[in-house]
Every structure is written in structure tokens, then in C-alpha cells.
Amino acid sequence: MISIFKTGKKIYELFVTEFVCNKFGLAEFFAENFIEEKKFFCALDAGCGVGPISIYLAEEFQAKVTAVDINSQAIECCRKNINKYNLQKNIFAIEGNYAEVYKNFLKKFHLIVSNSPINTDVDKKILNKNFPSDFEKYQFLTNSWCDGQGLDLTDYILISGKKLLTYDGRIFFVCCDIDCDPENYIEKKSEMYGYETELICREKISATKLGISSKNFVTSYIFVCKLKF
């Protein structure tokens, strides 16, 4: 299947499957509001899905991007999309659990980006279908993944930032308010791990961009977290 991802400069046609996110509203929201003067920076896309944010950063900023996702089908699509837009030299896609994968990284990143998974009616319908045998890799569809310590992807992104960010590096969290309170959640987590957090953008975006039919608009957020020194 093909799904459309739009930025201010280009329309991308990205490969997707029914077991990965094919609604790019939050990725487009990030592209509309991301401001960066420099190019050629290093970025880490945690939970990259099929790669819309990675492709946006690599093509429009010439960034070197490391893209990580636990979902094998997402990574397969991501690699197809990387090849489709000839970005093999700019994006390196890794299949694996971010909680373990980040420990192997030796280089520093100027930014870490995460487009948080959401829980929608579409996801619940998908859950009624037959998943591959490694079902635990698909629990992101209900926002339910966490490890034995109760730590989720947000925790591990903030933990990893202490090792991986450059001195002036930043973490961008892109999320919406479906079944959660992003402001309270992100601010409490970041404070717990020693970050300063700024809400740089809050807008209502069309719910259809997220595959949601029960609401007209969804409030979406972009947070930037910087380590306290």
C-alpha cells in the first residue's frame, strides 16, 4: 500500500502495510513546525515507523539519520522508502527494541525525535486481525509497550539522551491528546530525568489525518527537552 506524506516542499508516496502507521498527521505537523538553520546534522528517529520524519530530515536538511523501530514490517517499509528516494547514504534503518539498541551507539546526535504512537479506533480494529507470531512487537498499536520495570519508549528516549545527545542536543516529542495528557506526562517524565522542557507548538489538527473518525480535531503538541547542566 501507498500513503501520502506532505511537507512544505514535497509530497512523498510512502510504502506502508496494515500493521504500521499509515496516517502521517503528526509527522506532517512536525515538518510544518520544525525550525533548524544548520544542515548536515545527526539525528535519531526513535520509533521511526515507515520513516516519514527520517526522510524529511534527510532530504530537506541533508541530515544523517539513524532510524529505529521494533516492528519488522515498519522497518521493511522504511528501507523500501529510503531506497525509493535514494537516501541510502543518509538514513540507516535498524530493527530492534530501542531500549537495547541505543546502548550500542557510539556517536552523538544533535537531535532525537519521537512521533509517539497513539491509540485509535483504527488500531482496535487492526487488533482483531491475525498478527504475526511475535505479537509483542505490535503492542505499540494500543500504546501498551513497556518493559518489566514499567519503563516505556519515552523513558528510554530520555535515559538514552544522557549518553547520546551533543552538548546542545535536543529531544523532540511529537504527540497528541488522545487517551492521554501530553503536557503533564512529558513534563513530569523529563523533569524526573533532569531535562528542561518547552512546549513549542500546540495546535488542533484534523482527526482524519490520524485515521480517527469520531472527532473533528485533535490537539497535537511538540515538546523540546534539553538536559540541565
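No experiment lies behind these values; they were computed from the predicted model shown. (Residues numbered from 1 in each chain as written. Predicted model: local features only at pLDDT ≥ 70, side-chain atom pairs only at ≥ 80, totals over all residues. Heavy atoms only, no water.)

**Structural notes on a nonpolar patch on the surface**
A cluster of nonpolar residues, I2, I4 and I11, forms a patch on the protein surface that exposes about 260 Å² of accessible area. Tracing the backbone through its elements, the reader meets I4 in strand 1 (residues 2-6). (Patch = residues over 30% accessible without salt bridge, like charges linked within 9 Å, V, L, I, M, F, W, Y side chains within 5 Å. Areas by Shrake-Rupley, 256 points an atom, 1.4 Å probe, with all protein chains shown as cover. Salt bridge = Lys/Arg side-chain N within 4 Å of Asp/Glu carboxyl O. Helix = DSSP H or I, 4+ residues; strand = E, 2+ residues; numbered from the N terminus.)

**Things to note about the sheet that holds strand 5 (residues 91-95)**
The strand order 5-4-3-6-7-9-8 describes an open sheet built from 7 strands, whose pairing is mixed. Looking at which strands have only one partner, the edges of the open sheet turn out to be strand 5 and strand 8 (195-206). Taking each pair of neighbouring strands and ignoring which way they run, the sheet shows an average axis angle of 15°. The pairing of strand 3 (residues 42-46) with strand 4 (residues 64-69) spans 5 bridges and is classified as parallel. Residue pairing for strand 4: C42 is matched across the bridge by K64. Relative to strand 5, helix 3 (residues 72-84) is tilted by about 165°, and along the sheet it contacts strand 4 and strand 5. (Pairing = 2+ DSSP bridges. Axes fitted to C-alpha atoms, helices over the stretch in contact; angles between N-to-C directions. Contact = heavy atoms within 4.5 Å.)

**Quick word on the side chain of K189**
Relative to the helices and strands, K189 is located in helix 7 (residues 182-192). Overall, the relative accessible area of 15% leaves K189 in the buried class. In this structure the side chain of K189 is engaged in a polar contact, spanning 2.7 Å, whose partner is the side chain of D155. If we skip the residues at most four places from it in the chain, K189 touches D152, T154, D155 and L158. (Buried < 20%, exposed > 50% of the residue type's maximum accessible area, 1.4 Å probe, protein only. Polar contact = N/O pair within 3.5 Å; in protein donor to acceptor, adjacent residues only side chain to side chain.)

**Concerning the pattern of salt bridges**
Scanning all chains against the criterion turns up 8 salt bridges. Put simply, E76 and K80 hold a salt bridge, and the shortest N to O gap is 4.0 Å. Linking E76 with K80, this pair stays in helix 3, spanning 4 residues, or about one helical turn. Among the residues examined, E76 registers a relative accessible area of 46% and is labelled partly exposed. Judged by relative accessible area, K80 falls into the partly exposed class, the value being 41%. Measuring nitrogen to oxygen at the nearest pair gives 3.0 Å for the salt bridge that ties K228 to E191.

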